[in-house]
Every structure is written in structure tokens, then in C-alpha cells.
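Observations on the three-dimensional arrangement
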Amino acid sequence: MTRTLALLGLVCSCREPLAPAQAHAQAQQIWSERCANCHGPGGRGDGPGAKLLPKPPRNFADAQWQSSADDARIAQVIVDGGPALGLDRNMAANPDLRRKPEVVAALVEIVRGF
Ligand code: HEC
């Protein structure tokens, strides 16, 4: 019985989606722990780690970029990393988020909010 259940868990990646408030809290934590180091707390591409990069991240507060970018592409960069879209390899993939689309969506909202 337990084995069957474990197998089922492997086959279908069924997982309760997080409640919106939880997804936002996780995204906020991920932003400060992983992203802000390069992208800066305010998304301006001026985090402490940005100085070490050959190509610093763009300024998310740039209205022109905001209107040119689409949500699906932002989500894909976050999950698959820069090279998947021809961007810098210093933008690492976040494969752990592949199964957490609601957290990715909340991260996209954070990027959109700058
Ligand atoms: C090690 C530094 C670093 C970290 C950490 C990092 N990024 Fe990036 N990110 C970059 C760089 C550099 C680019 C720009 C790539 C380019 O323009 O070629 C980028 C690009 C992006 C883009 C695409 C912007 C565009 O031009 O379309 C998004 C969205 C993004 N990052 C979001 C995030 C999020 C969300 C996180 C946290 C989960 C994160 N990044 C973590 C360095 C980083």
C-alpha cells in the first residue's frame, strides 16, 4: 500500500498548489535570498553581486523594458536560466521552481512591480 502510494507520488507530480499568500511569501523570500544579490533589492540591477558580473542585470524599473517583456518569457528565464533564451549564463536556472508555477508567477509579479 505504502509502495503504491509512493509510486503514485512519483508518477503524478500532484501537489496541492500553495495558497496565494504562501506563494507570495515564498517568492518574496526567494527574491531576497537569491535574486536581490545581483538584481538589487529594488530590481535596478545594482545588487552587491552585480559588480562582479561581466554583464550586469538590466534595470527592471525601466518602463521600456517592462512594456517589451512578456510574463511567459520572464517566467521561463527564472526557471530555465538565461542561456535558454540567449541571455547571459550568470542568470542561473532555478529548477526547483519548475514544479511551483504559483511561486514563479509571484516572482514575475515582483519583477513587474519594480
Ligand atoms: C548571479 C547573478 C544573478 C542572480 C542570482 C539572478 N540573476 Fe536574473 N539575471 C542576471 C543577469 C546577468 C541577467 C541578464 C542577462 C542578459 O541580459 O543577458 C539576468 C536576467 C534576468 C531576467 C531577464 C531580463 C530580460 O532581459 O529579459 C529576469 C526576469 C531575471 N534575471 C530574474 C531573476 C530572478 C527572479 C532571480 C532569482 C530567482 C534572478 N534573476 C537571479 C543575473 C542574476
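Throughout this description, residue numbers start from 1 for each chain and increase along the sequence as written. Owing to the predicted nature of the model, reporting of local features is limited to residues with pLDDT of at least 70; listing and counting of side-chain atom pairs is limited to 80 or more, with chain, interface and lining totals taken over all residues. Computation of side-chain values covers all heavy atoms of the structure but excludes hydrogens and water.

We now examine the pattern of salt bridges. When the charged atoms of two side chains lie near each other, side chains of opposite charge can form a pair. In the sections that follow, a salt bridge refers to a side-chain nitrogen of Lys or Arg positioned within 4 Å of a carboxyl oxygen of Asp or Glu. In this structure the tally under the stated criterion is 3 salt bridges. For aspartate 96, the salt bridge is made with arginine 34, and the minimal N-O distance between the two is 2.7 Å. Here aspartate 96, found in the loop between helix H4 (71-80) and helix H5 (101-112), pairs with arginine 34, found in helix H2 (residues 20-39); they are 62 residues apart in sequence, far enough to count as distant. Under the relative-accessibility criterion, aspartate 96 is labelled partly exposed at 42%. Think of it in three bands: residues with accessible area under 20% of the maximum for their type are buried, residues over 50% are exposed, and the middle band is partly exposed, with areas taken using a 1.4 Å probe on protein chains only. Accessibility expressed as a relative area gives 38% for arginine 34, which makes it partly exposed. Residue aspartate 80 pairs with arginine 98 through a salt bridge whose shortest N-O separation is 3.2 Å. Placement of the pair is aspartate 80 in helix H4 and arginine 98 in the loop between H4 and H5, with a sequence separation of 18 residues. Per the convention used, a helix needs a DSSP run of H or I reaching at least four residues, while a strand needs a run of E reaching at least two, with both numbered from the N terminus.

Here arginine 15 lies in the loop between helix H1 (2-11) and H2. The exposure class assigned to arginine 15 is partly exposed, which follows from its relative accessible area of 33%. Remark: the alpha-carbon pair of arginine 15 and lysine 100, spanning 85 residues in sequence, is separated by 9.2 Å. A contact between two residues is defined here by any heavy atoms of the two lying within 4.5 Å. Excluding residues that lie within four positions of it along the chain, arginine 15 makes contacts with Arg99, Lys100, Pro101 and Glu102.

The subject of this paragraph is H5. Given a rise of 1.5 Å per residue, 12 residues ought to cover 16 Å, and the 16 Å separating the end C-alpha atoms of H5 matches this to within 8%. All buried positions along H5 are accounted for by Glu102, Val103, Val104, Ala106, Leu107, Val108, Ile110 and Val111. In this structure, the buried residues of H5 make contact with H2, helix H3 (63-68) and H4. To estimate how far a helix should reach, multiply one less than its number of residues by 1.5 Å.

A few words on the side chain of glutamate 102. Structurally, glutamate 102 is set in helix H5. Each polar contact in these results corresponds to two N or O atoms within 3.5 Å; when the atoms are within protein, one needs to be able to donate a hydrogen and the other to accept it, and residues that are neighboring in sequence are counted only if both atoms are side-chain atoms. At a separation of 2.7 Å, a polar atom in the side chain of glutamate 102 contacts the main-chain amide nitrogen of leucine 18.

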